[in-house]
Amino acid sequence: MLRIYALQPFVAADNSIIAAGVPSEDSSAASNFFQPVACTLAGTSLTISACTLESTTDSLDNASAQYGAYFYTSGGQRIGAFAEFDAFSLPPSPTSTTWAAIAAAQQGTI
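Every value quoted in this text rests on a predicted model; they were computed, and no experiment measured them.

About the cut-offs
- Residues numbered from 1 in each chain as written.
- Predicted model: local features only at pLDDT ≥ 70, side-chain atom pairs only at ≥ 80, totals over all residues.
- Heavy atoms only, no water.
- Helix = DSSP H or I, 4+ residues; strand = E, 2+ residues; numbered from the N terminus.
- Rg over C-alpha atoms; globule rule 2.2 N^0.38 Å.
- Buried < 20%, exposed > 50% of the residue type's maximum accessible area, 1.4 Å probe, protein only.
- Polar contact = N/O pair within 3.5 Å; in protein donor to acceptor, adjacent residues only side chain to side chain.
- Pairing = 2+ DSSP bridges.
- Axes fitted to C-alpha atoms, helices over the stretch in contact; angles between N-to-C directions.
- Core = buried A, V, L, I, M, F, W, Y, C linked by side-chain atoms within 4.5 Å.
- 1 Å grid on protein atoms, 1.4 Å probe; cavity = no way out; pocket = protein on both sides within 12 Å on 5 of 7 lines; lining within 4 Å.
- Points joined across faces, edges and corners; volume = space filled by probe spheres on them.
- Nonpolar A, V, L, I, M, F, W, Y, C, P; charged D, E, K, R; others polar.
- Contact = heavy atoms within 4.5 Å.

Draft legend 1. The overall build of the protein chain, seen in detail. For the protein chain, the helix and strand inventory stands at one helix and eight strands. Counting from the amino terminus, the protein chain carries its helices and strands in the arrangement β-β-β-β-β-β-β-β-α. At 14 Å, the protein chain has a C-alpha radius of gyration in line with the 13 Å of a compact globule built from 110 residues. Projected onto its principal axes, the C-alpha positions of the protein chain cover 40 × 30 × 20 Å. For the protein chain, the proportion of its 110 residues judged to be buried stands at 29%.

In structure tokens form, the structure reads like this:
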């Protein structure tokens, strides 16, 4: 499973409040804020389900807020960060994107 955490709290452009979570080794998810994203492994191919996240760069109070994405076992033990997505910002457009495009945006190539 992939867990996506807001690393800092922020108010999204639509006025929704995004609470910060803390990626931890705690096998229980109690009292922590993250978005779970299902993953499927077939042979050597990993498929990550679609998810919806609020953009960070147009936040009403914290435009430097970032997300972190981490893989966890089904038992809740953290495996590690998802490639370079241990800290990333998310622009408001395009409204639908890919992990590759998000990575490129972090490097300023989009």
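Draft legend 2. Spotlight on the side chain of S55. Structurally, S55 can be placed in the loop between strand 6 (45–48) and strand 7 (67–72). For S55, a relative accessible area of 11% gives the class buried. A distance of 2.5 Å separates the side chain of S55 from the side chain of D58, its partner in a polar contact.

Draft legend 3. Structural context of the sheet that holds strand 8 (residues 78–81). Strand order in the open sheet formed by four strands is 4-1-7-8, with antiparallel pairing between adjacent strands. Of all the strands in the sheet, just strand 4 (35–37) and strand 8 have a single pairing partner and so form its edges. With strand direction ignored, the average angle separating the axes of adjacent strands in the sheet is 30°. Where strand 1 (residues 2–6) meets strand 4, three bridges bridge the pair, whose relative direction is antiparallel.

Draft legend 4. Focus on the pairing of strand 5 (residues 39–42). In this sheet, strand 6 lies alongside strand 5 in antiparallel orientation, the contact comprising four bridges. By the bridge assignment for strand 6, C39 is matched with I48. Remark: two residues form the turn of the hairpin made by strand 5 and strand 6, two consecutive strands paired antiparallel; G43 in that turn has positive phi of roughly 65°.

Draft legend 5. Seen up close, the nonpolar core. Core analysis: the biggest nonpolar cluster contains 18 residues, and L2, I4, A69, F85, F88 and W99 have the highest contact counts within it. Those elements giving two or more residues to this core turn out to be strand 1, strand 7 and helix 1 (99–106).

Draft legend 6. The layout of surface pockets, seen in detail. Put simply, the largest pocket is a space of about 490 Å³. Along the wall of the largest pocket there are 20 residues; nearest its centre are L90, T95, S96, T97 and I102. Per-class residue counts for the lining of the largest pocket are twelve nonpolar, eight polar and no charged. Counted as a void, the second largest pocket has a volume near 160 Å³.

Draft legend 7. Layout of the environment of F82. Its location among the elements puts F82 in the loop between strand 8 and helix 1. The buried category is assigned to F82, whose relative accessible area is 13%. Counting along the chain gives 14 residues from F82 to G68, while the straight-line C-alpha distance between them is 8.3 Å. Non-local contacts of F82, meaning those with residues more than four positions away in its chain, are made with L2, I48, A69, Y70, F71 and W99.

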